[in-house]
Amino acid sequence: MTMWIGRPGHLRAFKEAATTFDRSPQSGTTEFRSLAGGITTWTPPIRPRRLKLAWQNMLPDDLAHLDRLARRVDGPGPVAVIDPASANWLLPSQAKGVRGGYGTSLWFGAPPVTIGGGTGAYDPVTVTVNQPDEITTFVYYGPNAGYGYPVVPGTRITWWAPSLATTAHQQRLYWIKADGGTSTGLNWTSTMDRPMTVTVPPDIAYVRPAVKFNRSCRDIPVGESILRPAAPEDASLRLANRQAFSTTQQQGLAPLAQWQALAGATLSEAGGAAQVTIPGSGTFVWVPGDGKPGFPVTPGQTAVFTTSFSKIEFSGVDFLDAAGTLISGTNLSAMRAPAGAVYVRPWVFASAVTTPTPIGAGSLVLWDAAPSLPAGEGTGLYSVTDYGQTVRPGMLNSRDVSLELVEVAHATG
């Protein structure tokens, strides 16, 4: 693949491979030795990447481009580098879905989206959504809140946030111009079980990935994510899911053994349709109809429940152990199965349903846990810290060039 280097929005393809390309991760670890001989180590929470490159007999046009960048002729920076060896452009903590040394500043969610999680560097960042609206969007900002990740117009890139596929209904890529503040539109897809791959539009310098929610959820981990140049489709980058309800249950049709009426509710049948009556207040639940207390579930799976019951006041899912005892429950439409969960049982609460009312269509989709993704490798934004240009004797038009860059990373909380 080609390496691209330049100011954002003005990147140049370096088709001639560098003779040296050192992209070793920097740990930044410092040792302190006590008088007694003990050693204490300290590692900074943010560890910017360094790139060291060298070329022999660099082509004149490439040299002119690189020389202007290194000497900051057109401005102080930053310098964008599209690294062909990177498997994931995201910052390490952002790709992992943890706070790292950045707090939650790498993400943004407008109300009703709330971003939470613990305060430690390795604590997962979580998302809670209450009553999602038409514009509910959760954004991965990128290296800093003003820009995003550098991209090259005409190239194809891939984006995926699989852990949020169960609660979001759109993956999005917002396109940003070189000034860092002007958004020129977006690409989106409602296919959540696999990465989205799109072509970068003309005159675009940055991309800002995001997801859009359409259902309520509580403390769903952001999880691992990936943003990278498009690669051949990988069958492992799929999120398996299955419909737990039977065909008749999805349609709200008999037999009535597919539901249970709890205190205050009564089931009935009319014309093959399942109905419920709740004169005061009460709850009814969906069950497999084979005597089990709920639908089989594996800890780590996310249960997504939807219903078209017209008299609904609250709905949610309960998780049960092997004996059918309640472990946890929620009045949200999507929830991750906790440790010890063997069954999941959706429910609806209603009141003043004085006449038999059709239960209607419903769905219970069980999503598998997201696959492990490549670790994040950096922002794509760098500053030149060292630049060398050597002339070979007797060859005035030939240059050997060395370049060292350090990643631009903002340690804001």
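This text gives an overview of the structure that appears in the document.

About the thresholds
Residues numbered from 1 in each chain as written. Predicted model: local features only at pLDDT ≥ 70, side-chain atom pairs only at ≥ 80, totals over all residues. Heavy atoms only, no water. Helix = DSSP H or I, 4+ residues; strand = E, 2+ residues; numbered from the N terminus. Buried < 20%, exposed > 50% of the residue type's maximum accessible area, 1.4 Å probe, protein only. Contact = heavy atoms within 4.5 Å. Areas by Shrake-Rupley, 256 points an atom, 1.4 Å probe, with all protein chains shown as cover. Lys, Arg positive; Asp, Glu negative; His and termini not counted. Charge placed at Lys NZ, Arg CZ, Asp CG, Glu CD. Pairing = 2+ DSSP bridges. Axes fitted to C-alpha atoms, helices over the stretch in contact; angles between N-to-C directions. Phe/Tyr/Trp six-rings, centres within 6.5 Å; stacked < 30°, edge-to-face > 60°. Core = buried A, V, L, I, M, F, W, Y, C linked by side-chain atoms within 4.5 Å. Salt bridge = Lys/Arg side-chain N within 4 Å of Asp/Glu carboxyl O.

1. Some details on the overall build of the protein chain
Working step 1: Regarding its fold elements, the protein chain presents three helices and 32 strands.
Working step 2: Based on the C-alpha atoms only, the size of the protein chain along its principal axes is roughly 95 × 60 × 35 Å.
Working step 3: Per-residue burial for the protein chain yields a buried fraction of 46% across its 413 residues.
Working step 4: For the protein chain, contacts bridging at least 24 residues in sequence account for 72% of all contacts bridging at least 6.
Working step 5: For the protein chain, the accessible surface area stands at approximately 18600 Å², while carbon and sulfur atoms represent 53% of it.
Working step 6: Of the side chains in the protein chain, 31 bear a positive and 29 a negative charge, and the two mean positions are spaced by 2 Å.

2. Observations regarding the sheet that holds strand β10 (residues 125-129)
Working step 1: Strand order in the open sheet made by the three strands is β9-β10-β18, with antiparallel pairing throughout. In this open sheet, the two strands that pair with only one neighbour each are β9 (113-117) and β18 (217-221). Averaged over all pairs of adjacent strands, the angle between their axes in this sheet comes to 25 degrees, without regard to strand direction.
Working step 2: Pairing between β10 and β18: three bridges, direction antiparallel. Looking at the pairing, T126 lines up with P221 of β18.

3. Some remarks on the packing of aromatic side chains
Working step 1: Following the criterion strictly, the structure yields 13 aromatic pairs and no others.
Working step 2: When the centroid spacing of 5.5 Å and the interplanar angle of 80 degrees are considered together, the rings of F138 and Y140 count as edge-to-face.
Working step 3: Residue F138 is classed as buried on the basis of its relative accessible area, which comes to 0%.
Working step 4: Residue class for Y140 comes out buried when judged on its relative accessible area of 0%.
Working step 5: With centroids separated by 5.1 Å and ring planes inclined at 65 degrees, the aromatic side chains of W286 and F305 adopt a geometry described as edge-to-face. Here the residue W286 occupies a position in strand β23 (residues 273-286), and F305 occupies one in strand β25 (residues 302-307), the gap between them amounting to 19 residues. Considered together, W286 and F305 belong to a single accessibility category, that of buried residues.

4. Considerations on the nonpolar core
Where a protein is soluble and globular, its nonpolar side chains tend to be buried together.
Working step 1: Counting 53 residues, the largest nonpolar core has F138, I157, W159, L173, F213 and L227 as the members making the most contacts within it.
Working step 2: Contacts of F138, omitting those with residues within four sequence positions, involve W107, F108, G109, V113, I115, V127, L164, A210, V211, F213 and V222.
Working step 3: Core analysis: the next-biggest nonpolar cluster, separate from the first, contains 25 residues, W259, I278, A341 and L364 among them.

5. Brief notes about the sheet that holds strand β6 (residues 50-55)
Working step 1: Read across the sheet, seven strands follow the order β2-β1-β7-β31-β32-β6-β3 without closing on themselves; strand pairing throughout is antiparallel. The strands lining the two open edges of the sheet, one partner per strand, are β2 (10-14) and β3 (20-22). On average, each strand axis in the sheet is tilted by 25 degrees relative to the strand beside it, whichever way the strands run.
Working step 2: Sheet topology note: the strand β1 (residues 3-7)/β2 ladder contains five bridges and is antiparallel. Each bridged residue has a counterpart across the sheet, and for M3 the counterpart in β2 is F14.
Working step 3: Its contacts with the sheet put helix α1 (residues 60-70) on β1, β2, β6, β7 (79-82), β31 (381-392) and β32 (395-407), and the angle it makes with β2 is roughly 135 degrees.

6. Brief notes about the pattern of salt bridges
Working step 1: A full pass over the atoms with the stated rule returns nine salt bridges.
Working step 2: Between E224 and K96 there is a salt bridge, with the nearest N and O atoms lying 3.3 Å from each other. Here K96 lies in helix α2 (residues 92-96) and E224 lies in the loop between β18 and β19 (226-229), a separation of 128 residues in the sequence.
Working step 3: Residue class for E224 comes out buried when judged on its relative accessible area of 18%.
Working step 4: With relative accessibility at 48%, the residue K96 sits in the partly exposed group.

7. Thoughts on the pairing of β31
Looking down a regular strand, the side chains alternate between one sheet face and the other.
Working step 1: As judged from the two bridges shared by β7 and β31, these two strands associate in the antiparallel manner. Residue A80 lies in a different strand from β31, and its bridge partner there is L381.
Working step 2: Judged from the ten bridges that link them, β31 and β32 form a sheet pairing that is antiparallel. Its bridge partner being in β32, V391 is matched across the sheet by R399.

8. Topic: the environment of L267
Working step 1: Within the secondary structure, L267 is located in strand β22 (residues 266-270).
Working step 2: Ignoring sequence-local partners within four residues, the contact set of L267 consists of L256, W259, Q260, A261, Q275, V276 and I359.

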